[in-house]
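Inside the fold
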Amino acid sequence: TRSLTITSVDQSMFEKAQGEKVTLPCTFELSEEDEGPLDIEWVLIPADNQKREQIIIMYAVDRVYNHYYAGLTGRMQFTSLDPKSGDGSLDILNLKAADTGTYQCKVKKAPGVQSKKIQLTVLVKPARTKCSIEGSQEIGKDVTLKCVSQEGSPLLSYDWRRVSGTRNLPATSMLNKNTGELLLKNASREYSGTYNCVASNRVGTDECSVELNVTPPINTAGIITGAIIGTLLGLSVLCSIIVCFCKKHREKKYEKEVHHDIREDVPPPKSRSSTARSYIGSNRSSLGSMSPSNMEGYTKTPYSQVPSEDFERAPAQNPTFAPSKVAAPNLSRMGAVPVMIPAQSKDGSIV
């Protein structure tokens, strides 16, 4: 009995680069015995057998349903505008690495049912390849040129070439195509130049360049000596600064202590009562030292009042008393010892 058959059996595996387009073929022929409605389904079979198949697009009753799988929404479509004509192939646009998987085409028209599996692998081209130099670029040293791609599906292969000078790699060079390392042993000045690295896989290539400059060895002893001398000079300057700072700090501290110091040899200021006593005592001494010839005017001058305690300033000159009788002040009240003041009698004798 003749039945529905799938005719596209030539290719079951596809390898494509990320960003490209792929067409998964699924052509078929119907039989006269197949009288039921036509259904075409594309499903994604997960790598984990524990998970169920996921329908991604379906054609049924002259309609297309493509909202089942969010990961491919807007990026997939049937190749033919009329799949019932015998072409149920699927186009996937702008491929991504996550699109890698096993796809199955199922064609149903009762009682006939046929299916076909296709393996799709989306590879990522090498990208963001970087070159670098490891080791001292001195004559006689070993130098390693490194090349690494930040993106790219395995297996990646690296190849170095020289793009300046003789364009040939040095005779002592050792290349590891899997890691991208180029070892240059016992480097010489002739090794200097521009080197180019090409990273590649099955779907694309990417490259980068680096400049190698081999120079004579650096005078390490001179550098160390200069560093030591510079360090010692720096320490001496620092010590000088610290000494000057301490000296100024001590001087400021001394000036501050002298400014606030109270001198013990300066007598305290006299009170008003003491000033008055001193004034009376000085007058009394002056009277006691007078000669009889000078006492005539003073005996006739009475004391009208005792000097006030508010008197603080000594008179600018000796006071002149009118001849009168002198009334002795009450010195005991002022804290002074009484003194006898001479007087003159009528006959001119001093009593």
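For the chain, an unreviewed UniProt entry supplies the name CXAR protein and the organism Leptocoma aspasia.

1. Quick notes on the nonpolar core
Counting residues in hydrophobic clusters, the biggest one holds 26 residues, and the most contacted among them are L24, W42, I56, I92, Y103, V107 and L120. Those elements that place two or more of their residues in this core are β3 (22-24), β5 (38-45), β6 (54-60), β8 (76-78), β9 (90-92), β10 (101-109) and β11 (112-123). Beyond its immediate sequence surroundings of up to four residues, I56 is in contact with W42, V43, L44, Y65, N66, Y68, Y69, L72, M76, L90 and Y103. Core analysis: the next-biggest nonpolar cluster, separate from the first, contains 18 residues, V143, C197, L212 and V214 among them.

2. Thoughts on the environment of D159
With respect to the helices and strands, the residue D159 is situated in strand β14 (residues 157-162). Each C-alpha atom, one on D159 and one on N176, is 8.3 Å from the other, the two residues being 17 residues apart in sequence.

3. A word on the pattern of salt bridges
Applying the stated rule across the entire model yields nine salt bridges. Of the charged contacts in the structure, one is a salt bridge between D62 and K84, with a shortest N-O distance of 3.7 Å. Residue D62 is found in the loop between β6 and β7 (63-65), and its partner K84 is found in the loop between β8 and β9; the two are separated by 22 residues along the sequence. Using a relative accessible area of 55% as the deciding quantity, one classes D62 as exposed. R161 is the partner of E207 in a salt bridge, and the nearest nitrogen-oxygen pair spans 3.8 Å.

4. Section: the confidence of the model for the chain
Of the residues in the chain, 71% have a pLDDT of 70 or more, and the chain-wide mean is 79. Of the regions scoring below 50 in pLDDT, residues 282-329 engages in 65 contacts with residues more than four places distant in sequence or in other chains. Per-residue pLDDT stays below 50 along residues 331-337; that stretch engages in twelve contacts with residues further than four places along the chain or on separate chains.

5. Some points on the pairing of strand β16 (residues 181-184)
Looking along a regular strand, one sees side chains alternate from face to face of the sheet. Across the two faces of β16 the burial differs, with L182 and L184 buried and E181 and L183 not buried at all. Relative to β16, strand β13 (residues 143-151) is paired through four bridges, and the arrangement is antiparallel. In the sheet register, T144 faces β16, and the bridge partner there is L183. Note: strand β15 (residues 173-176) against β16, four bridges, orientation antiparallel.

6. What about the state of the cysteines?
Cysteine pairs can be linked by a disulfide, which is a covalent bond between their two sulfur atoms. Evaluation of the coordinates by the stated rule reveals three disulfides. The disulfide partner of C147 is C197, and the gap between their sulfur atoms is 2.1 Å. In this structure the cystine formed by C147 and C197 twists about its S-S bond by roughly -90°; its chirality is therefore left-handed. Pair noted here: C147 is in strand β13 and C197 is in strand β17 (residues 193-201), with a separation of 50 residues, a long-range link. C246 carries a free sulfur, and the closest cysteine sulfur to it, the one in C244, is 9.4 Å from it.

7. Quick notes on the sheet that holds β3
The antiparallel open sheet is built from three strands, whose spatial order is β3-β9-β8. Either end of the sheet is taken by a strand with one partner, and the two such strands are β3 and β8. Here the average twist between neighbouring strands, direction ignored, is 25°.

8. Side note on the sheet that holds strand β18 (residues 204-212)
Spatially, three strands are ordered β14-β17-β18 in an open sheet, and the strand pairing comes out antiparallel. Because the sheet does not close on itself, it has two edges, and the strands there are β14 and β18. Between one strand axis and the next, the sheet turns by 20° as a mean value, whatever way the strands run. Sheet topology note: the β17/β18 ladder contains nine bridges and is antiparallel. Within β18, the position partnered with Y195 by the bridge is V210.

9. What to know about unusual backbone geometry
The bulk of non-glycine residues show a negative phi, and the bulk of peptide bonds are trans. A110 connects to P111 through a cis peptide bond whose omega is 5°. Of note, the bond from P154 into L155 is cis; its omega dihedral lies within 30 degrees of zero at 0°. Looking at where L155 falls in the secondary structure, it is placed in the loop between β13 and β14. Backbone geometry places D62, a non-glycine residue, at a positive phi of 60°. Positive phi outside glycine occurs at N186, with the angle close to 50°. With respect to the helices, strands and loops of the structure, N186 is situated in the loop between β16 and β17. Given a relative accessible area of 51%, N186 falls into the exposed group.

10. A word on the side chain of S89
Along the chain, the position of S89 falls in the loop between β8 and β9. Among the polar contacts made by the side chain of S89, one reaches the side chain of D87 at a distance of 2.7 Å. Among all residues touching S89, those that are not within four sequence positions of it are T23, L24, P25, C26, T27, W42, Q77, F78 and T79.

11. Section: the packing of aromatic side chains
According to the stated counting rule, one finds one aromatic pair in the structure shown. Taking 6.5 Å as the distance between ring centres and 80° as the angle between the ring planes, the aromatic pair formed by Y59 and F78 counts as edge-to-face. Within this pair, whereas Y59 is found in strand β6, its partner F78 is found in strand β8, the two being separated by 19 residues in sequence. Assessed through its relative accessible area of 5%, Y59 is described here as buried.

What counts, and at which threshold
- Residues numbered from 1 in each chain as written.
- Predicted model: local features only at pLDDT ≥ 70, side-chain atom pairs only at ≥ 80, totals over all residues.
- Heavy atoms only, no water.
- Core = buried A, V, L, I, M, F, W, Y, C linked by side-chain atoms within 4.5 Å.
- Buried < 20%, exposed > 50% of the residue type's maximum accessible area, 1.4 Å probe, protein only.
- Helix = DSSP H or I, 4+ residues; strand = E, 2+ residues; numbered from the N terminus.
- Contact = heavy atoms within 4.5 Å.
- Salt bridge = Lys/Arg side-chain N within 4 Å of Asp/Glu carboxyl O.
- pLDDT = per-residue confidence, 0-100.
- Pairing = 2+ DSSP bridges.
- Disulfide = S-S within 2.5 Å.
- Axes fitted to C-alpha atoms, helices over the stretch in contact; angles between N-to-C directions.
- Polar contact = N/O pair within 3.5 Å; in protein donor to acceptor, adjacent residues only side chain to side chain.
- Phe/Tyr/Trp six-rings, centres within 6.5 Å; stacked < 30°, edge-to-face > 60°.

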